[in-house]
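Examination of the molecular architecture
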Amino acid sequence: MNNKKNLIRALAAACVLLVVYHVLAFLIPFQHGGPFWAGYVFGLIAILGAGGILCLAFRGAGSARSKFYGLPIARVGVLYLAAQMIVSFAAMALGFLTGCPAWPFVLVSILLFAAAAVGAIATDATRDEIERQDVQLKKDVGKMRALQSLGRTLATQTEDPALKAELQKLSDELRFSDPVSSEATADAEAELSSLLDELQRALLDNDAAGAAGLCKKARAVLAERNRICKLNKG
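Residues numbered from 1 in each chain as written. Predicted model: local features only at pLDDT ≥ 70, side-chain atom pairs only at ≥ 80, totals over all residues. Heavy atoms only, no water.

What follows deals with the confidence of the model for the protein chain. Residues at a pLDDT of 70 or more form 87% of the protein chain, whose mean pLDDT is 84. For the protein chain, helix α1 (residues 2-27) is the element with the lowest average pLDDT, namely 81, and helix α5 (residues 161-175) is the one with the highest, namely 90. (pLDDT = per-residue confidence, 0-100. Helix = DSSP H or I, 4+ residues; strand = E, 2+ residues; numbered from the N terminus.)

Glancing now at the packing of α5 against helix α6 (residues 186-204). In the contact formed by α5 and α6, the axes pass within 14 Å of each other and the chain directions differ by 155 degrees. Taken together, α5 and α6 sit at an angle that is classed as roughly antiparallel. The handedness of the crossing between α5 and α6 comes out as left-handed. Residues Leu163, Leu167, Leu170 and Leu174 of α5 touch α6, and the partners they reach there are Leu192, Leu196, Leu199 and Leu203. When its residues are assigned to classes, the contact of α5 with α6 shows eight nonpolar, no polar and no charged. (Axes fitted to C-alpha atoms, helices over the stretch in contact; angles between N-to-C directions. Parallel < 35°, antiparallel > 145°, perpendicular 65-115°, else oblique. Left-handed = near helix turned anticlockwise from the far one by under 90°. Contact = heavy atoms within 4.5 Å. Nonpolar A, V, L, I, M, F, W, Y, C, P; charged D, E, K, R; others polar.)

Think of an α-helix as turning once every 3.6 residues; residues three or four places apart then point the same way. Helix length check: α6, at 19 residues, gives a terminal C-alpha distance of 27 Å against a target of 27 Å (1.5 Å per residue), a fit within 8%. Of all the positions in α6, only Ala188, Glu189, Leu192, Leu195, Leu196, Leu199, Ala202 and Leu203 are classed as buried. One side of α6 holds all its buried residues, which, seen down the axis, span an arc of 135 degrees. Facing away from the buried side of α6 by more than 90 degrees, the exposed set consists of Asp187 and Leu204. (Expected span 1.5 Å × (residues − 1). Buried < 20%, exposed > 50% of the residue type's maximum accessible area, 1.4 Å probe, protein only. Arc of directions from axis to C-beta.)

What follows is the structure in structure tokens.
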């Protein structure tokens, strides 16, 4: 749905610009020689090209973050359109000069088009990479966020003061642990998850002694996991 709306908006904007462009191009008494037609044609290409770049910039932009990532691409399209309009109207205006060649305007327009195309492709590739990293980061922190949530829950499942204090320590240590997982921490996190599940069962069975032992084991595994995180960052 967003893609369709963005396409409609881009087409509407392009249509308005095309109308204004044609009115200015043919209402102003330019000499319709080679420079005029060179400027006119590349102006049309710029309007259509900028509309296409804007569609690319905001494709599937369902969130504010996605729209933000599309802004650099849109900026390429706007700058290209503005620069080409200057060149196009300069070509049209200078067409009255006898012997004024069209090729300098053609050359500059081709260079602008190439720069816009390369810029749009490069910025779109950058956006794809940033979005991929965002998705990966969400996956990487998902495991520890789930364990942190479970840790907070466990601390509320006993009335034993000593055990409650131990569970609160575990919860705090989980909360302040590095949330980003990696291949190096996968085994420790799997063991930690298993221990927390056992700890939850022990609490439901009112096995305070077993729960206390599991809590200490979990804290030891968590400490090892945190050590691995530091080593990987170092």
